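Residue-level structural notes
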Amino acid sequence: MEQLTTIGLNHYLTISAFLLGFGLFAVVTRKNAIVILMGVELILNAANINFLAFSKYNGGMQGAMFSLFIIVIAAAEAAIALAIVINIFKIFKSVDVSSIDSLKE
Amino acid sequence: MFELPTGAEIQSIIASLEVSVGCFIPEIYLSLLFMLLIVVDLVAKGRKNSLLAISTLVGLAGSFFFIYQQQCLPGGEFFFGMYVLDEFALFFKYFFVLSGIFAVILTMADEQFEAEVKSMGEYYALIVSMVIGMVMMASSADLIMIFLSMELVSFSAYILTGYFKRNPRSSEAALKYLVYGAVSSGLMVYGFSLIYGLTGETNLIKIGAVLAAQGNEHSLVLMLSSLLIIAGFGYKIGAVPFHFWSPDVYEGAPTPVTAYLSVASKAAGVALLMRFFSIAIPHAPSAQTGIDWVMILLALSVGSMIYGNVVALWQKNVKRMLAYSSIAHAGYLLLGIIVMGKFGTQATLFYLLSYFLMNFGAFYVVILIANKTGSEHLDDYRGLGKKMPLAAAALTVFLVSLVGLPPTLGFIGKLMIFSALLDKGSLYLWLALIGIMTSVISLYYYMLIPLNMYLRESSQSDGKEMNPGIFAQVLMAVLMFLTLYFGLFFTPLSDISKYGSAMFGITLH
């Protein structure tokens with residue numbers, strides 16, 4: 001019981017594993033490009049939680065640094081991704097990835 | 001928890017940063033070039049875009065001077081273990097700058113750009129930023145640095161892929177590249193976080209030491225994180241099952257970008273795979289599952305060789321066919337990584353050099369032909385043997401080299417990989433056999449192109465010759481000559497790749 005009530009490393013790792021699962025689920029099942037990108041953000045944040053939790057319980061600074069870099073990279077990625085998605089919407093009038101398939105044989 | 005450093009410590013940190021900057025000059029130079037190109041684009045707006053292309057060429061060529069200067073530096077890690085300088089990194093610095101130069105040359109030759117976009121804008125600056133990212137990928141020795149440099153390469157590549165923004169195929173390719181790239185880099189970072197949790201370190205050399213000391217304690221977690229990290233690296237090199245983006249992206253992207261991605265971005269992934277797995281993760285089968293990362297790479301390699309070569313048989317678009325062939329070549333490159341050690345690394349580097357020549361050559365000819373015929377479809381290659389004799393001959397040589405038949409460079413590349421495999425004893429004999437069998441399969445689809453060019457008449461047979469211009473003729477002839485020359489006298493290239501196979505901090509052989 002005490003294991004469950006005092007917050008420890010395992011709680012953080014469980015949450016991050018769930019976030020990774022939800023993110024992957026969104027990426028695999030959703031057809032909307034924006035929702036897929038939201039799934040990617042969940043995956044990145046799962047890694048973030050992992051890094052911060054390990055950094056707290058291992059006692060090193062690198063994990064916290066790494067999560068800062070992940071936040072910055074995620075922002076840059078969102079900027080580029082949205083630019084590409086807007087361009088796609090201008091051309092195809094849709095952001096549904098299953099309907100954008102002019103390159104199939 | 002974290003104490004402030006004392007004055008003496010700050011002094012020593014500053015001193016070590018000063019030393020580190022001295023080993024970082026080529027990257028600083030390339031970053032300045034990147035910014036300069038953006039300024040040149042702003043100043044020279046509206047004028048002919050050859051000014052930008054030529055300043056990129058000159059700028060990239062200038063970086064050879066700084067890389068050459070680094071050859072006499074002692075090497076080792078700097079920036080507190082973030083970055084290393086060794087022969088391996090130097091080899092890839094030359095490789096990536098040279099491939100950036102080729103990408104610019106191919107772009108100058110491609111007439112599709114004039115039809116699709118008004119000005120070249122940031123195109124050349126992005127090519128340079130991709131060079132910076134790839135150079136850093138080959139030299140980084142820390143998980144943070146690996147992640148940052150990989151994302152720098154990926155972001156530049158997404159924009160370059162979608163550079164024809166009015167063109168639906170180019171935009172679609174960019175979207176697909178982006179979605180697959182974002183997911184696989186996310187998985188890779190999750191794998192990094194597990195490794196960090198196991199060891200409490202982000203430096204590759206320290207991770208290797210900690211993991212070796214731990215033995216088989218956490219092998220299941222290690223296995224899982226290796227799998228996630230291979231998802232990220234495997235996406236960069238385009239190996240099965242992380243290949244889904246590559247046929248669509250290669251077909252939709254501007255052809256110079258396709259050539260650039262297929263050679264340089266793949267080489268960067270290979271460099272990272274070699275450095276990461278030879279230094280960080282010990283090579284020992286796990287106690288619970290009995291497998292390790294070598295087994296994962298084995299599966300990837302066999303899958304890529306078979307899938308790439310078999311699916312290419314049905315392709316009618318030459319760019320798409322070359323995309324599947326590049327998946328197959330990722331499989332051959334993985335064979336060299338599996339062998340590891342001095343000989344395996346040398347063979348992989350040699351194979352990359354040969355792949356560089358023949359793939360850039362093949363895409364160059366494809367661009368020249370598309371300039372004249374406006375198509376990359378196989379049926380439009382009919383009768384080109386008479387209309388463009390030199391281009392057809394050059395393309396045939398490059399394709400023979402891609403198959404791996406003597407007397408071309410591709411043959412020596414495959415020979416090195418397979419002999420490195422057999423050097424390990426009969427353990428990998430079956431793997432070499434699969435490699436040879438799939439090469440035989442690839443003969444069919446590569447030879448469809450010369451068949452169409454020489455033996456089939458074109459439907460509209462006006463029979464007049466098409467001249468791609470004197471510069472293009474000379475460059476094609478030089479590339480063709482080099483492919484044949486190095487196929488016979490390969491010692492210089494093999495010496496270069498032997499030089500490049502020395503890696504700092506390597507712990508296993």
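Rules used throughout
Residues numbered from 1 in each chain as written. Chains lettered and ligands numbered in written order. Predicted model: local features only at pLDDT ≥ 70, side-chain atom pairs only at ≥ 80, totals over all residues. Helix = DSSP H or I, 4+ residues; strand = E, 2+ residues; numbered from the N terminus. Buried ≥ 20, exposed ≤ 12 C-beta atoms within 10 Å, placed from the backbone. Contact = placed C-beta atoms within 7 Å. Rg over C-alpha atoms; globule rule 2.2 N^0.38 Å. Expected span 1.5 Å × (residues − 1). Bend = angle between axes of the 7 residues up to and from the residue. Axes fitted to C-alpha atoms, helices over the stretch in contact; angles between N-to-C directions. Parallel < 35°, antiparallel > 145°, perpendicular 65-115°, else oblique. Left-handed = near helix turned anticlockwise from the far one by under 90°. Nonpolar A, V, L, I, M, F, W, Y, C, P; charged D, E, K, R; others polar. Core = buried A, V, L, I, M, F, W, Y, C linked by C-beta atoms within 7 Å.

1. A word on the overall build of chain A
Check the secondary structure of chain A and you find 4 helices and 0 strands. Helices and strands appear in chain A in the N-to-C order α-α-α-α. On the principal axes, the C-alpha backbone points of chain A span a range of 55 × 30 × 20 Å. Looking at chain A residue by residue over its 105 residues, the buried ones come to 30%. Sequence-distant contacts, at least 24 apart, represent 46% of the contacts inside chain A between residues at least 6 apart.

2. Some details on the overall build of chain B
Across its full length, chain B carries 21 helices and 2 strands. Against the compact-globule benchmark of 23 Å for 509 residues, chain B has a radius of gyration of 23 Å, which places it among compact chains. Principal axes of the C-alpha set define a box for chain B whose edges measure 80 × 60 × 40 Å. Within chain B, the proportion of its 509 residues that are buried is 57%.

3. A look at the interface of chain B and chain A
Quoted interface sizes are often the accessible area lost when the parts come together. Each partner contributes residues to the interface: chain B has 34 residues there, and chain A has 37 residues. Among the elements that make up the side of chain B that touches chain A, the one with the highest residue count is helix H8 (residues 168–199) of chain B (18 residues).

4. Topic: H8(B)
Along its 32 residues, H8(B) runs 46 Å from first to last C-alpha, staying within 8% of the 46 Å computed at 1.5 Å per residue. A positive backbone phi angle near 70 degrees is found at Gly200(B), which sits one or two residues after H8(B).

5. Looking at helix H12 (residues 255–279) of chain B
Residue and element names in this part refer to chain B. Across its 25 residues, H12 extends 36 Å between first and last C-alpha, which sits within 8% of the 36 Å expected from 1.5 Å per residue. At Leu261, H12 is deflected by roughly 30 degrees, the largest bend along its length. Burial runs high along H12: 25 of the 25 residues are buried.

6. Thoughts on the packing of helix H6 (residues 123–139) of chain B against H12(B)
Residues and elements named next belong to chain B. Running from N to C, H6 and H12 point in directions that differ by 20 degrees, and their axes come no closer than 8 Å. One way to sum up the angle between H6 and H12 is to call them roughly parallel. In this structure, the crossing between H6 and H12 has a hand that is left-handed. Facing H6, whose interface residues are Met134, Met137 and Ala138, H12 presents Ala264, Ala268, Ala271 and Leu272. A class-by-class count of the residues in the contact of H6 with H12 yields 7 nonpolar, no polar and no charged.

7. Comments concerning the packing of helix H2 (residues 25–43) of chain B against helix H3 (residues 50–70) of chain B
Residue and element names in this part refer to chain B. Two elements in contact, H2 and H3, have axes separated by 9 Å at closest approach and are oriented at 170 degrees. In this view, H2 runs roughly antiparallel relative to H3, as classed from their interaxial angle. Together, Ile25, Pro26, Tyr29, Leu30, Leu33, Leu37, Val40 and Asp41 of H2 and Leu51, Leu52, Ser55, Thr56, Gly59, Ser63, Phe66, Ile67 and Gln70 of H3 make up the contact between the two elements. Here the contact of H2 with H3 is built from residues that sort into 11 nonpolar, 5 polar and 1 charged.

8. Description of the environment of Lys316(B)
All names here are of chain B. Position of Lys316 relative to the elements: it lies in the loop between helix H13 (293–311) and helix H14 (318–339). Separated by 129 residues in sequence, Lys316 and Leu187 have C-alpha atoms that sit 34 Å apart. Apart from the residues lying within four places of it in its own chain, the contact partners of Lys316 are His377 and Leu378.

9. Concerning the environment of Ile367(B)
Residue and element names in this part refer to chain B. Checked against the element boundaries, Ile367 lands in helix H15 (residues 341–373). In this structure Ile367 comes out as buried when scored by C-beta crowding, with 23 C-beta atoms within 10 Å. Separated by 232 residues in sequence, Ile367 and Val135 place their C-alpha atoms 27 Å apart. Once residues lying within four places of it in the same chain are set aside, the contact partners of Ile367 are Leu106, Ala109, Asp110 and Thr255.

10. A look at the nonpolar core
Residues and elements named next belong to chain B. In this structure, Phe92, Val128, Val131, Met134, Ala362 and Val365 are the most contacted members of the largest nonpolar core, which totals 203 residues. For this core, the element with the most residues is H15, which contributes 18 residues. Other than its neighbours up to four places away in sequence, Val365 contacts Ala391, Ala394, Leu395, Phe398 and Met476.

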